[in-house]
Every structure is written in structure tokens, then in C-alpha cells.
Amino acid sequence: MSTSTSSLRPSRWRYLPLVLVAIVFIFPLEFMIMSSLKPSQQLLSDTNSFRAFLPVGSISLDNYYAAFARAPVGLFLFNSVFITATTVVLALFLCSISAFSFVFLQWRGRDTILTILLTTLVIPIEIIAVPLLLLVNQLPWVGLHGLTFGWLNSYQVQIIPFSADALSVFLFVQYFKDLPKELIEAARIEGASWWQIYYKVIMPLAGPVTATAAILKFLAMYNQFLWPLMVTQAEQYRPVMIGLQYFFQLNIAWGEVMAYLTLITVPVLIFYLVLQRAFIASIASTGIKG
Amino acid sequence: MQISGSKKLQNSESTGWLMAFPATAIIGLFIIVPFLLGFYFAFTNQRFISPNPTEYVGTSNFHQLLDLGVLTLEPERDAATQEIKKDASGAAAYPTVRSLTRNNSEMPYYDGMREWFSWHSGDNIKVVVARDVVFMKAIVNTFLFVLITAPLQGGLALLLAMMINQKLPGINIFRTIYFMPVVVSIVVVSLLWRFIYSGDNGLLNAILGFFTFGTFKPVDWLGNSATALPSIIAMSIWQAVGFHMVIWLSGLQTIPVSLYEAADIEGATGWQKFRFVTWPGLRNTAILVLVVITMQAFTLFSQIAVMTQGGPVDATQTIVFQAVQHGYAKQDIATGSAISVILFIIVITISLIQRYLTREKLT
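A.B. asks: Is there a simple way to explain the overall build of chain B in this structure?
C.D. replies: Looking only at helices and strands, one finds 14 helices and 3 strands in chain B. Over its C-alpha atoms chain B spans a radius of gyration of 28 Å, topping by over 25% the 21 Å that the globule rule assigns to 363 residues. Its C-alpha atoms give chain B principal-axis dimensions of roughly 95 × 70 × 45 Å. Within chain B, buried positions represent 37% of all 363 residues.

A.B. asks: What exactly am I supposed to notice about the overall build of chain A here?
C.D. replies: Secondary structure assignment for chain A yields 16 helices and 2 strands. For chain A, whose C-alpha radius of gyration is 25 Å, the value lies well above the compact-globule estimate of 19 Å for 290 residues. Overall, the C-alpha framework of chain A stretches about 75 × 70 × 35 Å when taken along its three principal axes. The 290 residues of chain A split such that 43% are buried. The contacts in chain A between residues at least 6 apart in sequence include a share of 72% that link residues at least 24 apart.

A.B. asks: Can you walk me through the confidence of the model for chain A in this structure?
C.D. replies: Reading fine detail from the predicted coordinates is not recommended where pLDDT is low. On average, residues of chain A score 88 in pLDDT, and 94% of them are at 70 or above. Taken as a whole, residues 1–8 of chain A scores under 50 in pLDDT and shows 0 contacts with residues more than four places along the chain or in a different chain.

A.B. asks: In this structure, what is going on with the pairing of strand β1 (residues 140–143) of chain A? I would like to understand it.
C.D. replies: As a general feature of sheets, a regular strand has side chains that alternate between the two faces. All names here are of chain A. The sheet contact formed by β1 and strand β2 (residues 146–149) spans 4 bridges and is antiparallel. By the bridge assignment for β2, Pro 140 is matched with Phe 149. Counted between consecutive antiparallel strands, the loop separating β1 from β2 contains 2 residues.

A.B. asks: How should I be thinking about the packing of helix α15 (residues 254–274) of chain A against helix α6 (residues 186–196) of chain B in this particular structure?
C.D. replies: For any two helices packed against each other, the geometry is given by the interaxial angle and the distance between the axes. Where α15 of chain A contacts α6 of chain B, the axes come no closer than 11 Å and their chain directions differ by 150 degrees. In this view, α15 of chain A runs roughly antiparallel relative to α6 of chain B, as classed from their interaxial angle. In the packing of α15 of chain A onto α6 of chain B, the handedness of the crossing is left-handed. Between α15 of chain A and α6 of chain B, the contacting residues are Trp 254, Val 257, Leu 261, Ile 264 and Thr 265 of chain A on the first element and Val 188, Leu 191, Leu 192 and Phe 195 of chain B on the second. When the residues that make up the contact of α15 of chain A with α6 of chain B are grouped by side-chain class, the tally is 8 nonpolar, 1 polar and no charged.

A.B. asks: Even after reading the chapter, I still don't get the domain arrangement of chain B, so can you show me in this structure?
C.D. replies: Much of the literature gives interface size as the accessible area that the parts lose upon coming together. By domain assignment, chain B separates into domain 1 (69–130) and domain 2 (134–362). Here domain 1 of chain B and domain 2 of chain B have C-alpha centroids that lie 41 Å from each other.

A.B. asks: Mind showing me how you'd approach the nonpolar core here?
C.D. replies: A general feature of soluble globular proteins is that nonpolar side chains tend to end up buried together. In terms of nonpolar packing, the biggest core is built from 169 residues, with Cys 95 and Phe 172 of chain A together with Met 245 and Leu 343 of chain B touching the most fellow members. Excluding anything up to four places from it in sequence, Cys 95 of chain A contacts Ala 164, Ser 168, Val 169, Phe 172 and Ala 213 of chain A together with Ala 23 of chain B.

A.B. asks: Explanation requested: the sheet that holds strand β2 (residues 114–121) of chain B in the structure shown.
C.D. replies: The strands that make up a sheet pair up through hydrogen bonds in the backbone, lying either parallel or antiparallel. All names here are of chain B. In space, the 3 strands of this open sheet follow the order β1-β3-β2, with antiparallel pairing throughout. Every interior strand has two partners, whereas the edge strands, β1 (68–73) and β2, have only one. Between one strand axis and the next, the sheet turns by 25 degrees as a mean value, whatever way the strands run.

A.B. asks: Please clarify how helix α7 (residues 203–211) of chain B should be interpreted in this entry.
C.D. replies: Two residues of an α-helix separated by three or four positions point the same way, owing to the 3.6 residues in each turn. Along α7 of chain B, the positions that sit buried rather than exposed are Leu 203, Leu 204 and Asn 205 of chain B. Buried residues in α7 of chain B make contact with α2 (15–35) of chain A together with α6 of chain B. Taken from the residues just after α7 of chain B, Phe 213 of chain B is the one with a positive phi, measuring 50 degrees.

A.B. asks: Looking at this structure, I do not really get the interface of chain A and chain B. What am I missing?
C.D. replies: Contacts between chain A and chain B engage 72 residues on the former and 72 residues on the latter. Contributing elements (two or more residues each) for the side of chain A that touches chain B: α2, α5 (73–104), α6 (110–119), α7 (125–136), α9 (166–177), α13 (226–231), α15 and α16 (276–289) of chain A. At 10 residues, the largest contribution of residues to the side of chain A that touches chain B is made by α2 of chain A. Its residues assigned to classes, the side of chain A that touches chain B comprises 55 nonpolar, 12 polar and 5 charged.

A.B. asks: Would you explain the confidence of the model for chain B in this entry?
C.D. replies: Residues and elements named next belong to chain B. Of the residues in chain B, 95% have a pLDDT of 70 or more, and the chain-wide mean is 86. Across chain B, the element-wise mean pLDDT spans from 79 in helix α3 (residues 97–101) up to 94 in helix α4 (residues 133–164). Under a pLDDT of 50 for its full length, residues 1–6 has, in the predicted model, 0 contacts with residues more than four places off or in other chains.

A.B. asks: What should I look at first to understand the packing of α5 of chain A against helix α12 (residues 207–222) of chain A in this one?
C.D. replies: Residue and element names in this part refer to chain A. Interaxial distance between α5 and α12 falls to 9 Å at its minimum, and their mutual angle equals 145 degrees. You can see that α5 and α12 cross each other, and the crossing is right-handed. Where α5 abuts α12, its residues Ser 80, Ile 83, Thr 84, Thr 87, Val 88, Ala 91, Leu 92 and Cys 95 lie against Thr 210, Ala 213, Ala 214, Lys 217, Phe 218, Met 221 and Tyr 222. Considering only residue class, the contact of α5 with α12 consists of 10 nonpolar, 4 polar and 1 charged.

A.B. asks: Explain the environment of Ile 342 of chain B here, please?
C.D. replies: Residue and element names in this part refer to chain B. With respect to the helices and strands, Ile 342 occurs in helix α14 (residues 333–362). The class of Ile 342 is buried, set by 20 C-beta atoms lying within 10 Å. When the C-alpha atoms of Ile 342 and Leu 65 are compared, they prove to be 9.8 Å apart, with 277 residues separating the residues in sequence.

A.B. asks: Any chance you could explain the environment of Ile 345 of chain B here in plain terms?
C.D. replies: Structurally, Ile 345 of chain B can be placed in helix α14. Spatially, the C-alpha atoms of Ile 345 of chain B and Ser 190 of chain B are 28 Å apart, while their sequence positions differ by 155 residues.

A.B. asks: Hey, could you run me through unusual backbone geometry in this one?
C.D. replies: Peptide bonds are trans in most cases, and residues, glycine excluded, mostly fall at negative phi. Residue and element names in this part refer to chain B. Positioned with a positive phi, Gln 309 is a non-glycine residue whose angle comes to about 55 degrees. As for its placement among the helices and strands, Gln 309 is situated in the loop between α12 (302–307) and α13 (319–329). In this structure, Asp 314 is a non-glycine residue whose phi angle is positive, near 60 degrees. Within the secondary structure layout, Asp 314 lies in the loop between α12 and α13.

Cut-offs and rules
- Residues numbered from 1 in each chain as written.
- Chains lettered and ligands numbered in written order.
- Predicted model: local features only at pLDDT ≥ 70, side-chain atom pairs only at ≥ 80, totals over all residues.
- Helix = DSSP H or I, 4+ residues; strand = E, 2+ residues; numbered from the N terminus.
- Rg over C-alpha atoms; globule rule 2.2 N^0.38 Å.
- Buried ≥ 20, exposed ≤ 12 C-beta atoms within 10 Å, placed from the backbone.
- Contact = placed C-beta atoms within 7 Å.
- pLDDT = per-residue confidence, 0-100.
- Pairing = 2+ DSSP bridges.
- Axes fitted to C-alpha atoms, helices over the stretch in contact; angles between N-to-C directions.
- Parallel < 35°, antiparallel > 145°, perpendicular 65-115°, else oblique.
- Left-handed = near helix turned anticlockwise from the far one by under 90°.
- Nonpolar A, V, L, I, M, F, W, Y, C, P; charged D, E, K, R; others polar.
- Domains from an automatic or database assignment.
- Core = buried A, V, L, I, M, F, W, Y, C linked by C-beta atoms within 7 Å.

Here is the structure:
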């Protein structure tokens with residue numbers, strides 16, 4: 001009898017530490033969402049009890065309306081989505097096609113250039129941000145106003161510097177290396193051009209690595225902070241993370257802050273929960289290959 | 001055959017260039033060029049906007065940031081008896097640091113330096129002075145952050161990975177939850193935790209009060225120079241530990257199950273299985289996790305910008321925060337670049353040492 005209970009019990013108890021840890025990870029985010037529904041006054045008093053985690057008291061979407069009234073939240077959301085989407089699409093195209101060239105084509109200087117590009121993996125944005133700021137301030141741009149100099153306060157300053165990166169090139173190169181070379185040879189014999197091989201033969205096979213690169217790029221771009229902080233003094237081009245500043249006047253309206261945080265975080269969380277296997281696989285793959 | 005071969009090669013030469021060019025040009029222009037420019041600016045007086053031409057200034061930016069000195073303050077003595085003069089409370093009188101570092105022609109090197117910290121040595125006081133005390137604190141804080149975060153976050157991530165690696169129904173739900181904060185912006189997390197850490201209505205104080213039946217005295221976690229940096233460390237680990245858990249997990253899953261079965265047959269304990277099967281199998285993963293955490297930790301910025309702005313009393317100044325303060329807020333590109341160069345040298349040195357040490361230990 002004692003053996004049967006002891007063999008049953010442990011398996012159930014094994015969930016206890018898992019659940020306790022899960023609470024630690026969930027509770028701050030749950031608190032954020034609950035707080036966004038409460039008036040600031042109640043939000044502050046609720047922190048003294050478990051009410052902080054419950055949708056009780058006067059619950060409404062007022063904080064959300066107030067947040068939209070205080071700052072151009074719609075504009076910030078549009079900017080973030082536009083900048084992130086454009087950069088992800090550009091980076092996927094530019095990095096995959098260059099990786100295709102590095103892996104399958106023969107040309108002089110190829111290996112040297114690839115080595116130099118991959119070396120930049122050890123240079124984080126924080127190290128180059130200051131000189132890059134000066135550099136982009138001198139660059140020419142042809143736009144609606146003709147030829148202008150200086151990229152500060154624009155979309156391109158937030159998109160173009162990130163439209164190719166060593167990590168994405170690296171991921172595609174690793175993936176392409178494992179594809180059978182016979183695919184390419186067969187297509188060449190049939191008279192396909194390199195461009196056709198790229199988009200008709202290789203890219204249709206590159207689904208998993210494209211998802212990985214897209215997710216990593218999406219997270220990096222949407223959550224970017226230091227660079228947009230430095231280059232967007234004008235409200236018009238600010239992404240959501242910089243828009244936060246609007247909520248820090250003399251009296252911080254915590255209800256509105258929580259509403260804004262929820263608004264810019266929940267879409268990403270939903271995106272993650274729907275695609276969680278792909279998200280986790282993308283991180284894991286950088287680990288295995290790295 | 002010969003002809004088609006050379007034609008194919010020629011064709012791939014120009015196409016190859018064309019396909020690789022855009023990504024290469026962008027990485028070259030926006031990463032490699034500014035990286036090299038940083039090294040150049042660090043030896044000039046470059047400002048963001050300046051009417052004067054940029055001049056080469058040698059290593060003066062580095063001296064401005066890194067110069068250190070030790071001063072010995074001797075107590076004032078009676079001219080005749082050489083006895084130490086004491087005031088009414090019995091304390092000896094010392095000359096001020098200022099009197100030695102202001103317009104002191106005998107020690108021009110110390111001119112303009114300020115006290116960083118000091119200690120008693122016999123009757124004398126030794127004072128370490130620095131030209132940029134804030135930057136010194138930033139270096140120390142950054143190293144503290146890295147030295148605490150790297151082992152703690154790496155270890156906790158491994159623990160979580162081993163918990164998740166159990167064969168239990170529904171285990172993936174927990175994996176999904178533990179990883180969740182990783183996809184949330186560190187800016188959002190920092191703001192949220194600023195509220196949780198708050199001294200008046202902070203959630204953390206309320207929770208600690210609840211579990212200690214009200215005996216816990218509320219702490220202003222970010223407003224106190226002793227608790228500010230540890231609070232930021234704890235939050236940073238909370239946000240990022242899931243990332244490294246997943247990397248450990250992929251390492252754990254490469255260890256063949258047959259090794260554990262063999263260990264079971266030999267009657268190995270849980271610890272022995274970890275020590276002799278799991279850990280040796282994680283060698284490469286361990287190096288990767290340590291290097292990645294160290295690199296990320298050295299670039300600590302967003303948490304500081306959102307939560308403390310370097311305060312209280314410079315207790316949370318960091319290297320990158322100082323680089324941004326100089327290079328962006330004060331528009332002093334030269335000093336900002338010099339700080340970036342210092343950071344790069346530190347990061348490269350540490351990661352080389354780390355790779356070397358980790359290899360030694362694990363083989």
C-alpha cells in the first residue's frame with residue numbers, strides 16, 4: 001500500500017516547483033493587464049492585497065481612451081509596425097540572397113567577404129551607436145524635398161541600417177550549406193538562371209530558416225530602444241518604445257502607463273503564443289549552430 | 001564541356017557579386033564603417049555639430065576618462081613637537097583633497113581630479129582620485145552587473161531547462177510560460193518593474209509584507225543606492241533567463257538517453273548523473289551561454305535609462321549609459337566614441353579569456 005501511494009504522489013508533486021516558477025513569470029504581466037483596466041487611484045491602493053491581480057472594483061477601458069488622448073498612440077503603433085515590417089522583409093530578402101551567393105556561387109573574394117561580415121557578429125549596436133549617429137547625420141537622401149543631407153528624424157534612418165545583419169546572413173548560410181548540391185546542378189542543366197534557382201528552387205525549401213530569421217529580426221526591431229531614442233526627436237517618426245516618454249509628466253498616471261504598456265505588448269504576446277513553437281525553435285537554433 | 005564550364009563560372013562571377021552586394025554594402029556602411037570611425041573619433045575632439053575643424057588630440061580623451069591617482073593625506077602636525085593636532089572631539093585634521101588637486105603646480109597630473117574612495121592607513125589617509133569619477137563608477141557597476149548576472153542567470157537557466165526537460169504531460173505549457181518575458185521589450189519590463197519596485201505602493205513591498213506578516217519594512221528599491229543595482233539585476237534575469245533556458249534545453253536534448261539508462265543500471269544518484277553525464281555533455285552550450293550573457297550584460301543600457309538614469313548617487317551608472325550621455329546628450333562624439341572603444345576592448349578581452357578558461361575547466 002505504501003508503495004502504491006509513493007509511486008503516485010511524486011509525479012504529482014513534481015508539478016509543484018514548475019507551478020511556483022510559472023507564477024513568478026506570469027504575475028508581473030498579469031498585474032500589468034489587470035492594472036490597465038483600473039483607475040489610477042484604485043490601482044495604487046489595490047497593490048496592498050491580492051486585488052492587484054484581479055479584475056475587481058471599477059473596471060473600464062478609460063485608461064486606454066486617456067492614453068490615446070494624451071499621445072498620438074495610433075501614430076506610434078503605425079510607425080513601429082511599418083518600420084518593423086519593412087526591415088524584416090528587406091533583411092530576409094537581402095540576407096537570403098547574399099547567403100545564396102556565398103554558398104552556391106563561385107566568385108573572387110567570396111570567402112574573405114563572408115568572413116569579414118560574420119566577424120561583425122561581435123559588434124553590438126551599443127558600441128557603434130555614437131559614431132553611427134554622426135555618420136547618418138551626413139548621409140544624402142533623395143526624397144520628396146529633392147536632395148537633402150542628414151537622415152535624422154526619418155523612417156529610413158530606422159530601417160536601412162538594419163536591413164541586413166550578420167546574424168541573418170549566418171543563419172541562411174548555415175541552412176543552405178546543408179541543402180543537397182544536386183538540386184542546384186539539376187536546375188543548371190535544365191538551363192535555369194541563378195535568380196530562378198534562388199526563388200524557385202532554394203527559397204521554397206527555406207521555410208524554417210526564414211521563420212527563424214524573421215522572428216529574431218521582428219523581436220529585435222520592434223523592441224529597439226537606444227537607436228530610435230537617438231535619431232527621432234520629431235514625434236512624427238517615433239516608434240512605440242520612445243512614445244512612452246509622453247506618459248512621464250510630473251504626475252505619472254500609472255493607469256494610462258499600464259494601458260499603453262498592455263497595448264504595445266499584448267499583440268506581441270499573442271503572436272508569440274500562437275507561434276510559440278517557431279519562436280522557441282528560432283532561439284534554440286541560434287544555440288545549436290552558434 | 002570545357003566551354004560550358006568556363007561560361008558557367010563567368011556567369012556566376014558577376015551574378016555572385018550582384019547578389020551579395022546589397023547586404024555586404026549595408027553591413028559595411030552601417031556597422032564596419034562606424035566601428036572604424038569610432039576608433040578614429042576617439043583620438044579627436046569631434047563634436048556632433050561644431051564650427052571648428054576636427055583636430056587630432058592623441059590619447060587625451062582616454063586620459064580624461066581613465067586617469068587615476070593615489071594621494072596620501074598626512075594629518076596636520078604641530079610644527080615643534082610633531083604631535084598630530086587633534087580637534088575637540090579627538091579627531092585628527094587632514095588637508096582637503098581639493099587643496100592638492102586644484103592649481104597645485106607641484107603635482108600637475110592630479111590637477112582637476114576628484115576623490116573616488118579612500119581608506120585609513122596608519123595615521124594617514126589614502127585617497128584614490130580619478131579624473132572622471134562617474135565613469136569609474138560606471139565601469140565598476142558594469143563589471144558587478146556582469147559578474148553577478150552571468151553565473152546567476154546561466155545557472156538559473158540551466159535549472160529551469162532541467163525542470164522543463166522532464167517527461168511530464170503538459171510540460172510544454174511551462175516552457176511557453178518561462179520563455180514569455182523574453183518576447184516582451186526590456187523597456188516595457190523596466191517600466192512595469194519600476195512600479196513593482198516602488199517604495200510607496202510597490203507590489204514587491206506588499207508581497208514581502210504579506211509573507212512576513214507585516215514585519216517587513218518597505219524599501220524604496222530603486223531609490224536606495226544599496227538596492228538599486230541588485231534590483232535591476234534581478235529584473236534583468238527575470239526577463240532574459242528564458243532565452244538561455246531554451247539554449248540549455250537544446251543542449252540537454254543532444255545528450256543520448258542511453259547514457260542516462262547506463263547510469264541508472266550502474267545505480268548512479270541524481271547528482272552523479274548530472275556531474276558525469278549531463279554536465280560533460282553541455283560543454284559547448286556552457287561556453288555559448290556564458291559568452292552570450294556576458295556580451296549582453298556589458299551593454300546594459302535600457303534598464304538604466306528607464307528606471308534610474310544612473311542614480312541614486314551614480315549607483316547604477318554603466319559604461320553604455322555614459323557613452324550615450326557623452327555622445328548623444330552632450331553631443332561629444334569624441335568622448336562617446338572613446339567610451340565605446342574602451343567597452344569594445346573590454347568585451348573582446350573578456351570573451352577571449354572566458355573561452356580560454358571555460359575550455360580549460362571542462363576538458
